Amino acid sequence: MFSILIKICYMLDQVIFAFEHKDYQTAAKLLQQLLIESPENPWVQLYFGKLQEVSQQRQEAEKIYRQLLRLTTHSKIISQARQGLQRLEEIKQEEKQRAIAKATAAPNHNELGILVLEPINNELKTSAARNFAQIMQIDAYTARVILPSQNWRVYRLGKVGELAFYGRQLQQAGIPCFWVKIPQIQQIQVFQVKYLSANKSQIKVSCQNEANQVGSMTFDLSEVTARVVGLLPIFEKVVDINARGKLERKDKTQDYAQFCDLHLPKRRSILRIYDQGYEFQKGLEIKPQTHHNTMRINWNNLMKWVEQQLPEVKLWSDFQPFAQTVIDQTETLNQIPSHINLFRREQSNWDAAFHLYSGIIFTKNIQACII
């Protein structure tokens, strides 16, 4: 037994000498024998991990180093295992930075973009959160909170090449996501609809462009590929009593403005209809059934007419939950012109959030819509 220990110590010394002289072929032969003679020896495991590391088998090396940290109490082995993990992390970071630099090298890959996470089934969230945490280098709990269950979540703003780099890794790990360029959203033409007139499948629209010029255009119903609806809160300054019983001024939602976007991708345009800007007395005969709450009834009748004309067109109506996840991302929303003319005493992120929501849908679908 004693002679076997001496033999193992002698062979380990040879392994260490081979590593010091970068003679990995000799080290591999010695370790192959040592793994048969003394497979549980932590020094043997440590140098086998180092051999895996220099052989580019980094996942195996990491697994061995982590196992040593769990199972051994030898301070020198623990120290070298930690150093091994540090080396592997530094290599991983260097490779990642080179990959990102390559991904953003092309001029159009430097454009600003957003990475959007799509809903993932709760049953898959645990494994998805682990993968998400590893790819994005965050803790697993935060990853699980970030991953959406029901609606899109705008996760990151940055160079589109870098977002594509992360997005592909996420997709390969089974995490649904996509990325779009901010300039694509910025370049969408938006026409504020004043009123509509119909002639069979042809719709004439009186509208106002981004320069506030009033004109008209005619489009065919078959051109519409999406309907996007949403409620935008109207805030007013009110005086209220706080928890201490003192008066304070604060913003309170007094009402909601109703919006409906019709997407015309072949024209790279959005027709934006909203209740306070639509002239119900012109164009289509949308008559209220009662004198009470006329605008709401008029709007509902108009939306019913639009739905009847476009029964096969997909309706997107998840703006509210989407907005709740993006409303505080001021840096992202500042990149988005809202193209919304609501009278507001102060600027609101809700306006840009709606155009972002509609613009993401438009941009994501445009390739499928344009022949």
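Look up: the structure comes first, before these words.
Residues numbered from 1 in each chain as written. Predicted model: local features only at pLDDT ≥ 70, side-chain atom pairs only at ≥ 80, totals over all residues. Heavy atoms only, no water.

> Just to check I follow, could you spell out the overall build of the chain for this structure?
Across its full length, the chain carries 13 helices and ten strands. Across the 371 residues of the chain, 44% fall into the buried class. Long-range contacts, defined as pairs at least 24 residues apart, comprise 61% of the intrachain contacts of the chain with a sequence gap of at least 6. When the accessible surface of the chain is totalled, it reaches about 21,300 Å², and 48% of it is carbon and sulfur. (Helix = DSSP H or I, 4+ residues; strand = E, 2+ residues; numbered from the N terminus. Buried < 20%, exposed > 50% of the residue type's maximum accessible area, 1.4 Å probe, protein only. Contact = heavy atoms within 4.5 Å. Areas by Shrake-Rupley, 256 points an atom, 1.4 Å probe, with all protein chains shown as cover.)

> Help me understand the packing of helix α3 (residues 42-54) against helix α4 (residues 58-71), please; the structure alone is not making it clear to me.
The relative placement of two packed helices comes down to the angle between their axes together with the axis-to-axis distance. The contact between α3 and α4 brings their axes to 7 Å, and the two run at 155°. Judged on the interaxial angle alone, α4 and α3 are roughly antiparallel. Classified by chirality, the crossing of α4 by α3 is left-handed. Residues P42, Q45, L46, F48, G49, K50, Q52 and E53 of α3 form the contact with α4, whose participating residues are R58, E60, A61, I64, Y65 and L68. By residue class, the composition of the contact of α3 with α4 is seven nonpolar, three polar and four charged. (Axes fitted to C-alpha atoms, helices over the stretch in contact; angles between N-to-C directions. Parallel < 35°, antiparallel > 145°, perpendicular 65-115°, else oblique. Left-handed = near helix turned anticlockwise from the far one by under 90°. Nonpolar A, V, L, I, M, F, W, Y, C, P; charged D, E, K, R; others polar.)

> Please explain the packing of aromatic side chains as it appears in this structure.
Remark: the centre distance and the inter-plane angle together describe each pair of aromatic rings, the angle taken between the planes. Within the structure shown, the criterion is met by 14 aromatic pairs. A ring pair is formed by F132 and Y155, whose centres lie 5.3 Å apart and whose planes are at 65°; its orientation type is edge-to-face. Placement of the pair is F132 in helix α6 (residues 125-136) and Y155 in strand β2 (residues 153-159), with a sequence separation of 23 residues. Owing to a relative accessible area of 0%, F132 belongs among the buried residues under this scheme. Both rings, one in F259 and one in Y274, keep their centres 4.9 Å apart while their planes meet at 5°; by these two values the pair is stacked. Remark: Y274 occurs in strand β9 (residues 269-274) and F259 occurs in strand β8 (residues 247-264); sequence separation between them is 15 residues. Taking the relative accessible area as the measure of exposure, Y274 reaches 11% and is therefore buried. Here the guanidinium or amino end of K314 rests over the ring plane of W316, the centre of that ring lying 4.0 Å away. Looking at K364, its charged tip hangs above the ring of F178, at a distance of 5.0 Å from the centre. (Phe/Tyr/Trp six-rings, centres within 6.5 Å; stacked < 30°, edge-to-face > 60°. Lys NZ or Arg CZ within 6 Å of the ring centre and 35° of its normal.)

> Could you clarify how one ought to interpret the side chain of D220 in this entry?
Relative to the elements of secondary structure, D220 occurs in strand β6 (residues 214-220). This buried residue, D220, is left without a salt bridge; R267 holds the nearest opposite charge, at 8.2 Å. Side chain to side chain, D220 and Q202 meet in a polar contact 3.2 Å long. In terms of polar contacts, D220 uses its side chain to reach the side chain of S222, at 2.8 Å. In contact with D220, other than residues within four places in its own chain, are S201 and Q202. (Lys, Arg positive; Asp, Glu negative; His and termini not counted. Salt bridge = Lys/Arg side-chain N within 4 Å of Asp/Glu carboxyl O. Polar contact = N/O pair within 3.5 Å; in protein donor to acceptor, adjacent residues only side chain to side chain.)

> Just to check I follow, could you spell out the environment of I203 for this structure?
Note that I203 resides in strand β5 (residues 202-208). What makes I203 buried here is its relative accessible area of 2%. Leaving out residues up to four positions away in the same chain, I203 has contacts with L196, S197, A198, M217, T218, F219, L221 and W305.

> What is the right way to look at the nonpolar core in this model?
Note on soluble globular proteins: their nonpolar side chains tend to be buried together. Core analysis: the largest hydrophobic core is formed by 34 residues, its most contacted members being I114, W152, F319, F322, L356 and I360. Those elements that provide at least two residues to this core are β1 (112-117), β2, β3 (177-181), α9 (182-186), β7 (226-241), β8, α11 (319-326) and α13 (349-369). Top element by residues in this core is α13. It accounts for eight residues. Non-local contacts of I114, meaning those with residues more than four positions away in its chain, are made with V154, R156, L157, L163, F178, W179, V180, I182, T332, L356 and I360. Membership of the second largest hydrophobic core comes to 27 residues, among which are F191, F280, W305 and V306. (Core = buried A, V, L, I, M, F, W, Y, C linked by side-chain atoms within 4.5 Å.)

> Explain α3 here, please?
Quick reminder: α-helices carry 3.6 residues per turn. Residues three or four places apart thus point the same way. Over its 13 residues, α3 runs 18 Å from end to end, which matches the ideal 18 Å to within 8%, given 1.5 Å per residue. Within α3, burial applies to V44, Q45, L46, Y47, G49, K50, L51, Q52 and E53. Its side-chain oxygen placed 2.8 Å from the backbone nitrogen of W43, N41 serves as the N-cap of α3. Positive phi shows up at Q56, right after α3, with a value of about 70°. (Expected span 1.5 Å × (residues − 1).)

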